[in-house]
Amino acid sequence: MYLKHYLPIFCAAFLGSTCLFASKPNVIVIMADDMGYGDVGCYGAKPKNLKTPHIDRLAKEGLRFTSGYCSASTCTPTRYSFLTGNYAFRRKGTGIAPPNGPSIIQPGETTIGDLLKKAGYKTAVIGKWHLGLGAPGKGPDWNGQLKPGPREIGFDYNFLLPTTNDRVPQVYVENDRVLNLDPKDPLWVGSRKPSPDHPTGITHRDTLKMDWSHGHNSTIHNGISRIGFYTGGHAARFRDEDLADKWVEKSEEWIKQNKKDPFFLFFASHDLHVPRIPHERFRGTSALSYRGDVIVQLDWCVGEIVRILKEQNLDDNTMIIFCSDNGPVGDDGYKDGALEHMGDHKPAGPYKGGKYSIFEGGTRTPFITWWPGKIRPGVSDEIVCTIDLATSLVSQAGVSIPEQALVDSQNIIGALLGVEGAKGREHLIQQDNGGRGNFGFRKGKWKLLRHAKKMARNVKVEETLANTNVERLTLINLEEDPGETKNLAKSNSDLVEKLNAELQTILDAGRSRETDSVSQ
Ligand code: NG6
Ligand code: CA
């Protein structure tokens, strides 16, 4: 058993770029959007509030991590790091991408997709992209070819929600074109109101089916006003209610077409990002209003993915990784009743903060690995992060990693597979959206929080988004104080200094992956 697990790792080290004994399971990364640690049953959500049988089943049959993280507490930097294996704070322009933003990852920057393709994988991304499209300085050509895009950076196929569901435009992109775009009705996207009479969430607020609470008051589509303006492209526009069904439909098609080769599918759900609009059949399926109903919808998607694998006899040879792109948020700009219906539900579980924060709730999220027959069911306390999937999966497939690529992605494949004694990360830097200089640094049971501006956002997820004053340096013993309530910095100044210096060294070094980490 151990030999089988370690074989690809040894082989990658000794044989170089390809390896006869590499293990090349199909890989599906299911990334939830804005899902917190406590948002699913197997992480403590109560059945009276919502039920997530399919995600719970992954956990029961697979490995559930208690210290599973994404690398940032917003979407774009986590996704950037997941695909490139680089901490997002190392690169400017990796914060929340605007509607007309160019591709953040340009051709030439190595991605997990590039390297898995070298190992013979077919690769696809289906769902939310939010990493920009088009050339630097130009951005997306909505009526032409949306290049560079995923196909230029390691994905053979893509079917996308190009930005977020609250950012314009509400259209699908398939490969490098807007799907069903009528050339006679061109799509225009911009940040300024296109004409004085253009209806917006401000001028036509009384017509909205879901009111906004902050931002989100520009162009209206499907009765919901969004971030940014657009006109045209009417035949191409989707209904928010149908997105989850579409991701499943396209995934099923693609898996069936590509099952003869090993495949890597990035299933990037838009749930539970705002506007939270469940399909009609999921309305009222939780006690938590739409925020809970879209969790049930996402859970259904997970069940569908497993159904597809079983029907195609692929389940024994497919590894699923279930994770989230950042922690939870209550009110993220629409009055959808999430706060009012929270009751005793704790979206971040026992943790403090959520989306936008460097407290644990911002990045510690559900993280499950599943591979029937290969991963022994259980619970792991090893520290694992979405940023590590690149090096881990590529090493497993027997491909060597260029020294200058995936510079912060650690090879923790043993921990992800639950190999006895295999270690996760030794330390992890947690960032927010970036740009503010706030960092969390977790090492073992210790965590140092360094807030540059003595200000933290979304500290209480169950309340309206707000800024709170904090200490510049906070030291937490996560073993004794998972809720990050006691700052031990004053009585442990040596440790604070040591951790702060270590954090600074990693920030300055420009990389944290050992060059020979495949042989780790
Ligand atoms: C914020 C939006 C928020 C959400 C977030 C990105 C406002 C007031 N807030 O700027 O609603 O869209 O960006 O979320 O507009 S993420 O999960 O994609 O990072
Ligand atoms: Ca998100």
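Given the structure is predicted, the values throughout are model-derived calculations rather than measurements.

Enquirer: Help me understand the site of ligand 1, please; the structure alone is not making it clear to me.
Expert: As a matter of local geometry, ligand 1 sits amid 19 residues, with Cys75, Asp166, Arg167, Asp332 and Lys355 nearest to it. In this structure, an oxygen atom belonging to ligand 1 sits 2.9 Å away from a main-chain N or O atom of Cys75. With respect to ligand 1, the side chain of His273 contributes an N or O atom lying 3.0 Å from an oxygen atom. If ligand 1 stood free it would expose 460 Å²; the protein chains cover 85% of that surface. Class assignment for the residues of the shell around ligand 1 results in five nonpolar, seven polar and seven charged.

Enquirer: Just checking my understanding: could you explain the pairing of strand 1 (residues 26-32) for this structure?
Expert: Two faces make up the sheet, and in a regular strand the side chains alternate between them. Burial within strand 1 is extensive, with seven of its seven residues counted as buried. Burial along strand 1 is two-sided: the residues Asn26, Ile28, Ile30 and Ala32 and Val27, Val29 and Met31 are all buried. Here strand 1 runs beside strand 11 (residues 263-268); their pairing, made up of five bridges, is parallel. Note that in strand 11 the partner of Val27 across the bridge is Phe264.

Enquirer: I'm lost on the pairing of strand 12 (residues 318-324) in this one. Help?
Expert: In terms of burial, strand 12 is largely enclosed, as seven of its seven residues are buried. Here strand 12 shows no split at all, with Thr318, Ile320, Phe322 and Ser324 on one side and Met319, Ile321 and Cys323 on the other all buried. Strand direction decides the pairing type here: strand 1 and strand 12, joined by seven bridges, are parallel. Within strand 12, the residue paired with Ile30 across the bridge is Phe322.

Enquirer: What exactly am I supposed to notice about the environment of Ala235 here?
Expert: In this fold, Ala235 is placed in the loop between strand 10 (229-231) and helix 5 (243-258). On the accessibility criterion, Ala235 (54% relative accessible area) is exposed. The spatial distance from the C-alpha of Ala235 to the C-alpha of Gly483 is 49 Å, given a sequence separation of 248 residues. Each residue touching Ala235, except ones within four places of it in the same chain, is listed here: Asn180 and Asp185.

Enquirer: In this structure, what is going on with unusual backbone geometry? I would like to understand it.
Expert: Leave glycine aside and you will find that most residues have negative phi; peptide bonds, for their part, are mostly trans. Cis geometry is found at the peptide bond from Lys147 to Pro148, where omega equals -10°. A cis amide bond links Val168 with the next residue in sequence, Pro169, at an omega value of -5°. Summarising the element assignment, Pro169 is placed in the loop between strand 4 (157-161) and strand 5 (173-174). Backbone geometry places His130, a non-glycine residue, at a positive phi of 60°. With respect to the helices and strands, the residue His130 is situated in the loop between strand 3 (122-128) and strand 4. For His130, a relative accessible area of 2% puts it in the buried group.

Rules behind the numbers
- Residues numbered from 1 in each chain as written.
- Chains lettered and ligands numbered in written order.
- Predicted model: local features only at pLDDT ≥ 70, side-chain atom pairs only at ≥ 80, totals over all residues.
- Heavy atoms only, no water.
- Near = heavy atom within 4 Å.
- Polar contact = N/O pair within 3.5 Å; in protein donor to acceptor, adjacent residues only side chain to side chain.
- Areas by Shrake-Rupley, 256 points an atom, 1.4 Å probe, with all protein chains shown as cover.
- Nonpolar A, V, L, I, M, F, W, Y, C, P; charged D, E, K, R; others polar.
- Buried < 20%, exposed > 50% of the residue type's maximum accessible area, 1.4 Å probe, protein only.
- Helix = DSSP H or I, 4+ residues; strand = E, 2+ residues; numbered from the N terminus.
- Pairing = 2+ DSSP bridges.
- Contact = heavy atoms within 4.5 Å.

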